Amino acid sequence: MALPPQDERTLPAVVLQDVDQRPLEQALTDLQSLVDQHGHVIVVCSQAVSAGVERRLHTIRSLLETDRIALFRPPLPPLGLAVLVRQLRQLASCDLSPGVLASAGRLLTHYIHSGALLGSVARLDRVPVGLKSHAKSWMPGSQFGVVAHPEPQLVRITPGAALAGPEFGTWLLVAKGQLPSDWVTGTLAPSWSVLGLRETPLPAESPGWWGTGRLTEFCAYLPDLSVLYQLVTSVRQSRCHWCGIDVIGDRCVFCSATPPVHDARPDGRPGVRGGTRMLTG
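Enquirer: Looking at this model, I keep getting lost on the side chain of Arg89. Mind explaining?
Expert: Secondary-structure assignment places Arg89 in helix 3 (residues 78-91). As a buried residue without a salt bridge, Arg89 has its nearest oppositely charged side chain in Asp7, at a separation of 8.8 Å. Engagement of the side chain of Arg89 in a polar contact is seen with the backbone oxygen of Leu11, the distance being 2.7 Å. Every residue in contact with Arg89, bar those within four places of it in the chain, is listed here: Ala2, Leu3, Pro4, Pro5, Arg9, Thr10, Leu11, Pro12 and Ala13.

Enquirer: Just checking my understanding: could you explain the confidence of the model for the protein chain for this structure?
Expert: Any region with low pLDDT has predicted coordinates that should not be read closely. Scored by pLDDT, the protein chain comes out at a mean of 85, with 88% of its residues at no less than 70. Here strand 12 (residues 270-274) is the element of the protein chain with the lowest mean pLDDT, 44, and strand 8 (residues 215-221) is the one with the highest, 97. The model gives residues 270-281 a pLDDT under 50, and that stretch makes 35 contacts with residues more than four places away or in other chains.

Enquirer: Would you mind showing me how to read the pattern of salt bridges here?
Expert: Opposite charge on two side chains permits them to pair, given that their charged atoms come into close proximity. According to the stated counting rule, one finds five salt bridges in the structure shown. Across the pair Asp30 and Arg22 runs a salt bridge whose closest N-O atoms are separated by 2.5 Å. Overall, Asp30 belongs to the partly exposed group, its relative accessible area being 28%. A salt bridge links Glu199 to Lys176, with the shortest nitrogen-to-oxygen separation between them at 3.7 Å. A residue pair is termed long-range when its members are at least 10 positions apart, and Glu199 in strand 7 (residues 196-201) and Lys176 in strand 6 (residues 171-176) qualify at 23 residues.

Enquirer: Would you explain the packing of aromatic side chains in this entry?
Expert: For any pair of aromatic rings, geometry is given as the distance between the ring centres together with the angle between the planes. This structure, assessed with the given rule, holds three aromatic pairs. Aromatic side chains Tyr111 and Phe168 sit 5.8 Å apart centroid to centroid with 65° between the ring planes, which places their arrangement in the edge-to-face category. Here Tyr111, found in the loop between helix 4 (98-109) and strand 3 (113-118), pairs with Phe168, found in the loop between strand 5 (153-156) and strand 6; they are 57 residues apart in sequence, far enough to count as distant. You can call Phe168 partly exposed: its relative accessible area is 29%. Both rings, one in Trp209 and one in Trp210, keep their centres 4.7 Å apart while their planes meet at 65°; by these two values the pair is edge-to-face. The class for Trp210 is buried, based on a relative accessible area of 0%.

Enquirer: Sorry if this is basic, but what is going on with the packing of helix 3 against helix 8 (residues 225-233) here?
Expert: Pairs of packed helices are described in terms of their axes, by the angle between the two and the distance that separates them. Orientation of helix 3 relative to helix 8, taken along the N-to-C sense of each, is 85°, at an axis distance of 10 Å. Between helix 3 and helix 8, the angle is such that the two are roughly perpendicular. Across from Gln87, Gln90 and Leu91 in helix 3, the residues of helix 8 making contact are Leu225, Leu228, Tyr229 and Val232. Broken down by class, the residue content of the contact of helix 3 with helix 8 amounts to five nonpolar, two polar and no charged.

Analysis parameters
Residues numbered from 1 in each chain as written. Predicted model: local features only at pLDDT ≥ 70, side-chain atom pairs only at ≥ 80, totals over all residues. Heavy atoms only, no water. Helix = DSSP H or I, 4+ residues; strand = E, 2+ residues; numbered from the N terminus. Buried < 20%, exposed > 50% of the residue type's maximum accessible area, 1.4 Å probe, protein only. Lys, Arg positive; Asp, Glu negative; His and termini not counted. Salt bridge = Lys/Arg side-chain N within 4 Å of Asp/Glu carboxyl O. Polar contact = N/O pair within 3.5 Å; in protein donor to acceptor, adjacent residues only side chain to side chain. Contact = heavy atoms within 4.5 Å. pLDDT = per-residue confidence, 0-100. Phe/Tyr/Trp six-rings, centres within 6.5 Å; stacked < 30°, edge-to-face > 60°. Axes fitted to C-alpha atoms, helices over the stretch in contact; angles between N-to-C directions. Parallel < 35°, antiparallel > 145°, perpendicular 65-115°, else oblique. Nonpolar A, V, L, I, M, F, W, Y, C, P; charged D, E, K, R; others polar.

Encoded structure:
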């Protein structure tokens, strides 16, 4: 799901449709064209898609023999993932190198609060569900407030029910499914002290991710490009010892190399034991 632009600087997204179902040669050609056109490509993949999609993406990356495709599959529900992708599209208009931009995905994930109002948790396997909640989910009219990220939370909707939210100013994006969103907009939003609220269609993967179509999904996020840019640029950057690209974090998002481990030599001088590089196929 590609959300509409947050502002006039937000770059468009390319949606890779049916990657695991189309002929491999066609998918290879599409990815190669994107690399040729843009230099580097960041592929953000939902954990709600089938394992075949991830295998196909790794196969394409290996066959192209390139370190210019970053594959990122964060543990976010579909709406939260769409928000993260839009934030990366916002940052793509700034003076960030490809490695830093791709690494920013891991950083910004920590600032996204994703959850849903569910009519049943009987088939929910993304968040721990107790036996009592399972039993109550069969009661007519039961509703549950759930936060899947950054920390799992689950409450049955009763007077006074609350979910812990972000401790910084956010906007709330709401995607209505087959369940009224009154509790989300009338109770959750004020308790989280959101600065604003917007609505969007429900992602197609959401019913499968949450285990029910009776839901309203929500996501609290940082909307301002200046805040996102400050967050990313405030983190120390380093150069990947394998491919030479600038990154933030402890693993290169393009070649998957980790920093070399430094050991002390017998003479007291530091020695390099060697980093690792993960090749996928």
